[in-house]
Amino acid sequence: MTAPVPPPGCPAHGATTTGLTPLVSAAGAGARQVYERLRAEWGSVARVELEPGVPGWLVLGYRDVLTVTRQEKTFSRDARHWRDLNDGIVRPDSALLPMMAHRDNVIGHDGTEHQRLRRPLVDAVAGADQRRMRRSVEAVCAGLLEAFSGRGTADLVSEYARVVPLLAIGGLFGLEQTEGRELLRARAALLEGGGRPRPGGHRFEEILSAVLRDRRAHPRSDLTSAFLAHPDLRDDAEVLRSLIVMISAGNETTTAWIANTIRLMLTDQRFRGRLHGGRLGVDEALDEVLWQDPPMANFPARYALHDTELGGRTIRCGDVLVLGLAAANADPAVRPSDPYDMLGNRAHLAFSSGAHACPAQVPARLIARTAVETALRGLPEVRLSVPDEELPWRASPWTHCPASLPVVFAPAGTGRAAPRTGSAADPGGARTGGSAGAASGGAPHAAATPTVVPPPGAPSPGGSAAELSPAGSPPGSPPPGNGGSPARARSAGAAAPGAPAGRAGTPDPSRPPAGPAGRVPAPPRIAAVVAARNSPAVPAPAPRGEPPGPTAP
């Protein structure tokens, strides 16, 4: 795959000044090789360079990550304990600070203060209406597909995976579509400034503050109103900070989860053909990504409160430790030799562990699953337009996500097959299954067995195209010897909690009538796909629950 391109002027990409491996070298396609090399040299805890002149520890071992995340009295989440920051080794304009500086919110505190700020997040997620949430997310996805489904080409990162989470999560907090898109632009302006003040970047907080003021005066059945009513949030400032944490953290990681899952389903034959007499579907692909390519590959950070030992290394008071979630998932001490033994196993560390683990695993999975299913069902004969190994990757030491995901498919309403734009090795582009193009005039596209075409140069599996509806999870076994690992969840519970749909806009007489409040009309083929998915006439596989246990940042 192409090497990641560092952002202009990024100090984390300069020459190393400590002789240590730069953490940013683990960005993109070569990350696994970097983790293997560090593990061979250091063991389960490696010394790395976070940026030129700033050392830190990268925790590579599965059990060591569990130790760090579960011992708050030894390893704090509060960056005010970071010795190199307090001593001036970390510059005030450091590119590390947007991710690692102390924040006066649920992420920046431990103990009872963290628990107080955590409860509103957990309670709000638990009280969400999962069915309304699914319908709202489906409407968001259908509206995005409508914008490019007639074109036959798209970038499923910039035009889809990057947009779905923010609009979907924004809907949970009561933002209308126009407000959600403005929030998306404001967040892009904020990120362009590296998280530091920049013209337009302050709009992110302004938009959320306006929604907060409106809900203070006119409460509704959304998460903003739930936060305002929660007794553990003492004032509007705490409510605003909680909104920012939920929306910002959920957006980046869910974007990567969606993009990596779509990529996996378009490139891996296991998800296009039969395995042991059955089919692997979206749920299995989602779990595979959490094991192999977790959205947050390296999670910052913990700070040692006193001298200690971890993985045979001496950790000094004030040292910073980065949780190598991707490396820990690949730890040979807990991974079985046969990768198929991992099917159905959710003991991965993609959501971290302990008191600061992700608070929104269930809605994140619902958003990601819905986004992947809707895209693959709504884009017939979809395939990558470039070989998988040529995909560019984001040059981030934190998140693991393709920079783009260019695809081709049969344009909506034309009945034509997707254009063949294969590589030199496969000029025509390998194909599987029959034509899935929609009939002229917008006839519904069959939703039961969509055709997924391999990327250029990929081997064509035998048999028919893969069925992309969620499959029942075969029983899995926990990684051997993972003593205190988090409990797996393979139970057949409810799909995922949801939340209220967004506010309804003014009807447009030129368009078909909308469904529930906040939904956007979909083109005929996309609408048929969504309707077929929700129809009781087609038996659906039993939904699967999420792992119990701690789920807060």
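Right above here is the structure, for reference.
Now for a look at the structure at hand.

The rules behind each value
Residues numbered from 1 in each chain as written. Predicted model: local features only at pLDDT ≥ 70, side-chain atom pairs only at ≥ 80, totals over all residues. Heavy atoms only, no water. Helix = DSSP H or I, 4+ residues; strand = E, 2+ residues; numbered from the N terminus. Expected span 1.5 Å × (residues − 1). Buried < 20%, exposed > 50% of the residue type's maximum accessible area, 1.4 Å probe, protein only. Polar contact = N/O pair within 3.5 Å; in protein donor to acceptor, adjacent residues only side chain to side chain. Salt bridge = Lys/Arg side-chain N within 4 Å of Asp/Glu carboxyl O. Pairing = 2+ DSSP bridges. Contact = heavy atoms within 4.5 Å. Axes fitted to C-alpha atoms, helices over the stretch in contact; angles between N-to-C directions. Core = buried A, V, L, I, M, F, W, Y, C linked by side-chain atoms within 4.5 Å.

The terminal C-alpha atoms of helix α6 (residues 130-148) lie 28 Å apart, and with 19 residues this matches the ideal 27 Å at 1.5 Å per residue to within 8%. Residues of α6 that are buried: Met133, Ser136, Val137, Glu138, Ala139, Val140, Cys141, Ala142, Leu144, Leu145 and Phe148. Structurally, the start of α6 carries an N-cap: the backbone nitrogen of Arg131 is 3.1 Å from a side-chain oxygen of Asp129.

Under the criterion given, the structure shown has 24 salt bridges. In this structure, Asp319 and Arg83 form a salt bridge, with 2.7 Å as the shortest nitrogen-oxygen distance. Of this pair, Asp319 sits in the loop between β10 (313-315) and β11 (320-324) while Arg83 sits in helix α3 (residues 83-86), and the two are 236 residues apart along the sequence. Note that Arg215 and Asp214 form a salt bridge whose closest N and O atoms lie 2.6 Å from each other.

On to the sheet that holds strand β3 (residues 54-59). Reading across from one edge, β1-β2-β3-β11-β8-β4 is the order of the 6 strands in this open sheet, with mixed pairing throughout. Across the chains shown, the open sheet's two edge strands, defined by having one partner strand only, are β1 (21-22) and β4 (75-76). Pairing geometry for strand β2 (residues 45-51) and β3, over 6 bridges, is antiparallel. When the sheet's bridge partners are listed, Arg47 is paired in β3 with Trp57. The strands that helix α1 (residues 31-42) touches are β1, β2, β3 and β8 (298-304); relative to β2, the one it contacts most, it runs at about 125°.

Moving on, we come to the nonpolar core. Leu156, Tyr160, Phe173, Leu208, Phe227 and Ile262 are the most contacted members of the largest nonpolar core, which totals 79 residues. Counting residues per element, this core draws most heavily on helix α12 (residues 236-267), at 15 residues. In contact with Phe227, other than residues within four places in its own chain, are Pro120, Leu121, Ala124, Phe173, Leu233, Val239, Ser242, Leu243 and Met246. Core analysis: the next-biggest nonpolar cluster, separate from the first, contains 48 residues, Leu58, Met296, Ala301 and Leu323 among them.

Taken in spatial order, the 3 strands of this open sheet run β5-β13-β12, and their pairing is antiparallel. Looking at which strands have only one partner, the edges of the open sheet turn out to be β5 (153-155) and β12 (383-384). Here β5 pairs with strand β13 (residues 406-408) via 3 bridges, running antiparallel. What sits directly across from Asp155, in β13, is Pro406.

The subject of this paragraph is the pairing of β2. Successive residues of a regular strand alternate their side chains across the two faces of the sheet. Most of β2 is tucked away, with 7 of its 7 residues classed as buried. Judged from the 2 bridges that link them, β1 and β2 form a sheet pairing that is parallel. Directly across from Pro22, in β2, lies its bridge partner Glu49. The turn linking β2 back onto β3 is made up of 2 residues, and Gly53 within it adopts a positive phi angle of 85°.

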